[in-house]
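# Results of the structural survey
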Amino acid sequence: MDTDFIDLHVHTTASDGTMTPEQAVFQAARSGLRAVAITDHDTVEGLPNALEAGKRAGIEVVPGVEIGVDYPGEMHILGYYVDYGSTRLSRDLAELRESRNRRNPRMAAKLRELGFDITMDEVTRAAGGTVVGRPHFAAVLKQKKYVNSLEEAFDRFLGAGRPAYVKKDKISPGQGIEMITSAGGIPVLAHPHYLKVGCREEFEELVRGLCRNGLKGIEAYYTTHSATETAYFCALAKTNGLLVTGGSDFHGSNKPDIKMGRGRGDLRVRYELLSKMKEEKKTPAGGNPDSILRV
Ligand code: AMP
Ligand code: ZN
Ligand code: FE
Ligand code: FE
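Model, not experiment: these values are computed from the prediction.

The residue Asp 42 is not glycine, and still its phi comes out positive at about 60 degrees. By the secondary structure assignment, Asp 42 is in the loop between strand S2 (35-38) and helix H2 (47-57). Under the relative-accessibility criterion, Asp 42 is labelled buried at 4%. Even without being a glycine, Lys 145 presents a positive backbone phi close to 65 degrees. Turning to its location among the elements, Lys 145 is positioned in the loop between helix H5 (134-143) and helix H6 (150-158).

Written as structure tokens, this is what we have:
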């Protein structure tokens, strides 16, 4: 049994995963993981059930969330140990979901203009929860046999710059970090691989800027990171006094090639990283002297 391994990036039916929070937690336990973080997009609604399931399954569950912020490519910020009962956090996340809800009908309209028979009702039904995202559009396109795979739906229609893509209104990276920090959470830069940054110097300057905004960690271990990238992100974390985290970005059958805790097979994330994060949670001032955390 892999008792020393964890997965700090897992989606459920509360956003665009296909397992309920409870199923995801039991799956993590069955996979032999020692801890799992539930990090749904723009919502914390899966967390109470996930934490409860953790007690029954005998696995440590870390409450989390993932939000998208405005930056070329995809910049996502993970928030760990957020106070999911906070009314301010609920309100902030509801605003992010409203931005999705303004975008989604425009994407459905574009798909119809492209000749597909697809309604917002169908997409909402495919989502089943309060967060409707592009993977749900992809699922309907596949179900109606317009595409053979979810990947094809993104490559041809839904990905950034493709004909049915519509950008959401997003908050800035600093605002995203602030949203998580003000809910008592630890903000971490998710899958840095997906950022569109010109060169290493530019990327390093970006990370320094995010640190000044209060960033506390970087997801160095990730399904699509090569060993070289992981080593580079770990080194960068060290230079900037950041925590290192890692996770698979498990989405159940919405990303069928990704296994919990293992990504595409090579991923291994040690519990030790979570221990360090918990230390940071206890002594938030210890992290980074430059940070401009809220007073
Ligand atoms: P949204 O937040 O609704 O814009 O959807 C973004 C989500 O779509 C990401 O978090 C991923 O889960 C998924 N996604 C983005 N690009 C791809 C892709 N090329 N293939 C599969 N899933 C993707
Ligand atoms: Zn997702
Ligand atoms: Fe993400
Ligand atoms: Fe994710």
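After that view, the rundown keeps rolling.
Turning our eyes to something else, we now look at the domain arrangement of the protein. When cut into domains, the protein gives domain 1 (5-93 + 172-291) and domain 2 (95-158). Each partner contributes to the interface: domain 1 provides 16 residues, whereas domain 2 provides twelve residues. Summing both sides of the interface, domain 1 and domain 2 together bury roughly 1,200 Å²; the carbon and sulfur share of this comes to 44%. The tally of links from domain 1 across to domain 2 stands at two salt bridges. The residue Arg 100 makes a salt bridge to Asp 42 at a minimum N-O spacing of 2.8 Å. Considering every element that reaches the side of domain 1 that touches domain 2, the biggest residue donor is helix H3 (residues 87-113), with three residues. Residues of the side of domain 1 that touches domain 2, tallied by class, amount to four nonpolar, six polar and six charged.

Around the iron ion (ligand 4), the donor atoms from the protein are His 9 (NE2), His 11 (NE2), Glu 66 (OE) and Asp 249 (OD), and they sit 2.0 to 2.2 Å away. For the iron ion (ligand 4), the four donor atoms are set out with angles of 78 to 166 degrees between them, so the coordination reads as irregular. Counting residues between consecutive donors of the iron ion (ligand 4) along the chain gives the motif H-x1-H-x54-E-x182-D. The distance between the iron ion (ligand 4) and the zinc ion (ligand 2) comes to 4.5 Å. Residue His 9 is located in strand S1 (residues 6-10), and its partner Asp 249 is located in the loop between strand S7 (243-247) and helix H10 (271-282); the two are separated by 240 residues in the primary sequence. In this pair, the class of His 9 matches that of Asp 249, namely buried.

Pairing is mixed across the open sheet formed by seven strands, whose spatial order is S1-S2-S3-S4-S5-S6-S7. Each edge of the sheet is formed by a strand with only one pairing partner; in this case those strands are S1 and S7. The average angle at which neighbouring strand axes cross in this sheet is 30 degrees, direction not considered. In this sheet, strand S3 (residues 60-69) lies alongside S2 in parallel orientation, the contact comprising four bridges. Among the inter-strand pairings, Val 36 is bridged to a residue of S3, identified as Val 61.

Time to look at the coordination of the iron ion (ligand 3). Coordination sphere of the iron ion (ligand 3), protein contribution only: Glu 66 (OE), His 76 (ND1) and His 191 (NE2), at 2.1 to 2.2 Å. Considered as a linear motif, the donors of the iron ion (ligand 3) on their single chain read E-x9-H-x114-H. In this structure the zinc ion (ligand 2) is found 5.9 Å away from the iron ion (ligand 3). With Glu 66 in strand S3 and His 76 in strand S4 (residues 75-80), this residue pair connects regions lying ten residues apart in the sequence.

Two descriptors summarise a pair of aromatic rings, namely the distance from one centre to the other and the angle between the planes of the rings. Scanning all chains against the criterion turns up six aromatic pairs. Ring geometry for Phe 116 versus Tyr 146: centroids 4.6 Å apart, planes at 50 degrees, classification tilted. Of this pair, Phe 116 sits in the loop between H3 and helix H4 (120-127) while Tyr 146 sits in the loop between H5 and H6; the two residues are 30 residues apart in sequence, bridging distant segments of the chain. Taking the relative accessible area as the measure of exposure, Phe 116 reaches 14% and is therefore buried. Taking the centre distance of 5.7 Å and the plane angle of 65 degrees together, the rings of Phe 203 and Phe 233 count as edge-to-face. Residue Phe 203 is located in helix H8 (residues 200-212), and its partner Phe 233 is located in helix H9 (residues 227-240); the two are separated by 30 residues in the primary sequence. On the accessibility criterion, Phe 233 (5% relative accessible area) is buried. In this structure an aromatic cluster arises from ring pairing among Phe 116, Tyr 146 and Phe 157. The positively charged end of Arg 200 is found above the aromatic ring belonging to Tyr 232, 3.9 Å away from the centroid.

Calculation rules
For every chain, the first residue of the written sequence is number 1, and numbering continues from 1 along that sequence. Just so you know, chain letters begin at A and ligand numbers begin at 1, following the order they were written in. Since the coordinates come from a predicted model, pLDDT governs what is reported: local features require at least 70, and pairs of side-chain atoms require 80 or more to be given and counted, while whole-chain, interface and lining totals use all residues. Excluding hydrogens and water, the side-chain figures rest on all heavy atoms present in the structure. The secondary structure listing takes helices from DSSP runs of H or I that are at least 4 residues long and strands from runs of E that are at least 2 residues long, numbered from the N terminus. Relative accessibility under 20% of the residue-type maximum defines a buried residue, over 50% an exposed one, and the middle range a partly exposed one, all with a 1.4 Å probe and only protein chains included. The start and end points of each domain follow an automatic or database-based domain assignment. Contact definition: two residues touch when any of their heavy atoms are within 4.5 Å. Take the accessible area each of two parts loses on contact, using a 1.4 Å probe, and add the two losses: that sum is the buried area. The rule for a salt bridge is simple: a side-chain nitrogen of Lys or Arg has to be within 4 Å of a carboxyl oxygen of Asp or Glu. Throughout this entry, Asp, Glu, Lys and Arg are counted as charged residues, while Ala, Val, Leu, Ile, Met, Phe, Trp, Tyr, Cys and Pro are counted as nonpolar. The remaining residues, Gly among them, count as polar. Sites may look incomplete because water is not among the atoms; the donors themselves are N, O and S atoms within 2.8 Å of the metal, or within 3.2 Å for Na, K and Ca. When four donors show all angles between 85 and 135 degrees the site is tetrahedral, when four or six donors have opposite pairs over 155 degrees and all other angles between 65 and 115 it is square planar or octahedral respectively, and in every other case it is irregular. By this definition, two strands are paired if DSSP reports at least two bridges between them. Fitted lines through C-alpha atoms serve as axes, helices being fitted only where they are in contact, and the angles separating the N-to-C directions of these axes extend from 0 to 180 degrees. Aromatic pairs are defined between Phe, Tyr and Trp rings, using the six-membered ring for Trp, whenever the two ring centres lie within 6.5 Å; interplanar angles under 30 degrees are classed as stacked, those over 60 as edge-to-face, and all others as tilted. Working rule: Lys NZ or Arg CZ, within 6 Å of ring centre, within 35 degrees of ring normal, means a charge sits over the ring.

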